[in-house]
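# Working through the structure, step by step
Below, each chain spelled out in residue letters.
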Amino acid sequence: MNRRHFLASASAAMVLPRPSFASALPLTLKAQSVTQQILPEGEGTTAMLGFNGSTPGPELRLKRGAQASIKVENALQEGTAVHWHGIRLENRMDGVPVLTQDLINPGDSKTYSFVPPDAGTYWYHSHYISQEQVARGLMGPLIVEDDMPVDVDHDVTVILSDWILNQDGSLVDEFTDMHSVAHAGYMGNFARAFLSRDEVRQGDRVRLRLINAATNRIFPLMLSGVSGSVVALDGMALSQPRDLSDLVLAPAQRADLIVDITGPVGFDMQTGQGGYRLAELRVSGENSERKPGPLPKLTAPNLPAPGSPAQHLTLTMMGGAMGGHHGGANIWSFNDVSDLPPDPFATIERGETVRITLANDTAFPHGIHLHGHHFYEVAADGSLGDLRDTTLLAARESRDVLCVFDNPGRWLIHCHMLSHAIGGMRTWVEVT
Ligand code: C2O
Ligand code: CU
């Protein structure tokens, strides 16, 4: 795979399997080896890991406020655990080995049960040697449906990822390459999006659920053939729809868009050399019934309002190449501590509002993820910004976030550039 192939690659849109789960409870996800057509049709296939025969795994659609049970069966040669990214669930269902559960060993299974409190776009992924298991394909979309269906013609999930592939399609095993861990992380030479549908009509109104499932790549995105807005980030509805112009997704981040189709839809990653086509949605026929009108509104998030902060913590990202000296034992650290310390970085009383200054004192961007909660990004003028579960900090950037820690348990905080997480950028808090 040379660079030209990577940058000039044709569209590789593919239709995700979309089982209907409405009647078949409980759900089962079987982690296993799969063979997937990642490169364009006609080129080599890729031996990967997946769920129920494919990567991405099946789209799980859950009802907000209703108990869900998902049985994870491990048919791999190694252990695994599944994390339900962005869901504010019970701590023991969070899927983090050591911190919240034991590994699911080969041949064993574990049933995860939880009640998803917020409608929106989430995803699930392995949380064991995740820089490798996620890159190999152990991930899939998790949609929590709205109480009242949103008025659109189609609801399309778009999962972005990238991989280092050989010319024949085989995966390059560089998941823990120390050079990439110390820099921007495992970064694919081939990227694409998987769509849950490959065709729409001119004039259709479509909800697009974008999920960045890449292990390390930040996707600056440009869409063509649509007019519309961003209506939700990381599962949470925005109070005001936002322009599509500077859509950037860090690893693990999601964006929901509602758009009207004006022509064939292109999903492009913006690169220094121009656009790189990730996927396309064909247009066939015309929707003459759909009247253009204001975009439907999503239900506003129902989270506790932040009070005045009981604690002000600082989490400084340190290390990496060109990062200078830090006190951690691994390549990266938070506050001079690498990897999961035996004691929590902070102990927080349930219900407390905490202000956290996230300071990036390194030469690379980081996407910091907090488990079990969403938090507000604090804008430069001090006002409350977006509700997120993963926030992107550019090199040397710093940002405050405000979080109401109302979910008891042991919660991970880590960089979602998964190479950085394995390189040490992980810690945890305890909510008592
Ligand atoms: Cu999506 Cu700890 O991760
Ligand atoms: Cu990072």
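Residues numbered from 1 in each chain as written. Chains lettered and ligands numbered in written order. Predicted model: local features only at pLDDT ≥ 70, side-chain atom pairs only at ≥ 80, totals over all residues. Heavy atoms only, no water.

### A few points about the overall build of the chain
The condition is simple: Per the convention used, a helix needs a DSSP run of H or I reaching at least four residues, while a strand needs a run of E reaching at least two, with both numbered from the N terminus. Our radius of gyration looks at C-alpha atoms and nothing else; its globule reference is 2.2 Å times the residue count to the power 0.38. Only protein chains enter the accessibility calculation, which uses a 1.4 Å probe; a residue whose area is less than 20% of its type maximum is buried, one above 50% is exposed, and one in between is partly exposed. Every residue pair with non-hydrogen atoms within 4.5 Å of one another is taken to be in contact. Values of accessible area rely on a 1.4 Å probe in the Shrake-Rupley scheme; residue burial ignores everything except the protein chains shown. For the charge count, each Lys or Arg is scored as positive and each Asp or Glu as negative, with His and the chain ends excluded. The atom standing in for a charge is NZ when the residue is Lys, CZ when it is Arg, CG when it is Asp and CD when it is Glu.
If you tally the helices and strands in the chain, you get 4 helices and 28 strands. Against the compact-globule benchmark of 22 Å for 432 residues, the chain has a radius of gyration of 21 Å, which places it among compact chains. Counting only C-alpha atoms, the chain reaches 60 × 45 × 45 Å along its principal axes. Looking at the chain as a whole, 59% of its 432 residues are labelled buried. In the chain, of all internal contacts separated by at least 6 residues, the share reaching a separation of at least 24 is 76%. With the model as given, the accessible surface of the chain reaches about 16,500 Å², and the carbon-plus-sulfur share is 50%. Here the chain contributes 33 positively and 48 negatively charged side chains, and the mean placements of these two sets differ by 4 Å.

### Some remarks on the domain arrangement of the chain
The condition that has to hold: Each domain's limits were defined by an automated method or a database of domain assignments. Note on definitions: buried area is the accessible-area loss of two parts on being combined, 1.4 Å probe, summed for both.
Domain boundaries assigned for the chain yield domain 1 (3-286) and domain 2 (311-431). Relative to domain 2, the C-alpha centre of domain 1 lies at a distance of 23 Å. If you look at the interface, domain 1 gives 41 residues, while domain 2 gives 35 residues. Overall, the association of domain 1 and domain 2 removes approximately 3,000 Å² of surface from exposure, summing both partners, and the carbon and sulfur fraction of that is 59%. Taken as a group, Asn91, Leu99 and Val181 account for 20% of the area that domain 1 buries against domain 2, more than any other trio of residues on that side.

### Side note on unusual backbone geometry
Following threonine 55, the chain continues to proline 56 via a peptide bond in cis, the omega torsion being -10°. Mapped onto the secondary structure, proline 56 falls in the loop between strand 2 (46-51) and strand 3 (60-63). For aspartate 336, which is not glycine, the phi torsion reads 70° and is therefore positive. The topology assignment puts aspartate 336 in the loop between strand 19 (332-334) and strand 20 (346-348). The phi dihedral of arginine 396 is positive, around 70°, even though this residue is not glycine.

### Considerations on the environment of tryptophan 84
With respect to the helices and strands, the residue tryptophan 84 is situated in strand 5 (residues 82-85). On the basis of relative accessible area, tryptophan 84 is assigned to the buried category, the value being 0%. In sequence terms tryptophan 84 and glycine 140 are 56 residues apart; their C-alpha atoms lie 9.8 Å from each other. Beyond its immediate stretch of four places on either side in the chain, tryptophan 84 contacts Leu29, Leu60, Ile70, Val72, Leu89, Met93, Asp94, Tyr112, Phe114, Trp123, Tyr124 and Leu142.

### Some remarks on the sheet that holds strand 3
Applicable threshold: Pairing between strands is defined by DSSP: at least two bridges between them are needed. Angles shown run from 0 to 180 degrees and are taken between the N-to-C directions of axes, each axis being a line fitted to C-alpha atoms and, for helices, limited to the stretch in contact.
The strand order across the open sheet formed by 4 strands is 3-8-7-5, and the pairing between neighbours is mixed. Each edge of the sheet is formed by a strand with only one pairing partner; in this case those strands are strand 3 and strand 5. Strand-to-strand twist of the sheet, defined as the mean angle between neighbouring strand axes without regard to direction, takes the value 25°. Bridge count between strand 3 and strand 8 (residues 139-145): 4 bridges; the pairing is parallel. Paired with arginine 61 across the strands is isoleucine 143, a residue of strand 8.

### Brief notes about the packing of aromatic side chains
The description of two aromatic rings rests on the distance between their centres and on the angle between their planes. What counts is decided by this rule: A pair of aromatic rings is counted whenever rings of Phe, Tyr or Trp (Trp by its six-membered ring) have centres within 6.5 Å, and the orientation is called stacked for planes under 30 degrees apart, edge-to-face for over 60 and tilted otherwise. Think of it as a cone above the ring: NZ of Lys or CZ of Arg counts as a charge over the ring if it is within 6 Å of the ring centre and within 35 degrees of the ring normal.
Per the counting criterion, the structure on display carries 7 aromatic pairs. With a centroid separation of 5.9 Å and 80° between ring planes, the pair formed by tryptophan 163 and phenylalanine 194 is classed as edge-to-face. In this pair, tryptophan 163 sits in strand 9 (residues 154-163) while phenylalanine 194 sits in strand 10 (residues 190-195), placing the two residues 31 residues apart along the sequence. In terms of burial, tryptophan 163 and phenylalanine 194 fall into one category: buried. Their ring planes at 85° and their centres at 6.1 Å tell us that tryptophan 332 and phenylalanine 364 sit as a pair that is edge-to-face. Here the residue tryptophan 332 occupies a position in strand 19, and phenylalanine 364 occupies one in the loop between strand 21 (352-360) and strand 22 (366-370), the gap between them amounting to 32 residues. A single burial state applies to tryptophan 332 and to phenylalanine 364, both of which are buried. Positioned above the aromatic ring of tyrosine 112, the side-chain terminus of lysine 110 is 5.2 Å from the ring centre.

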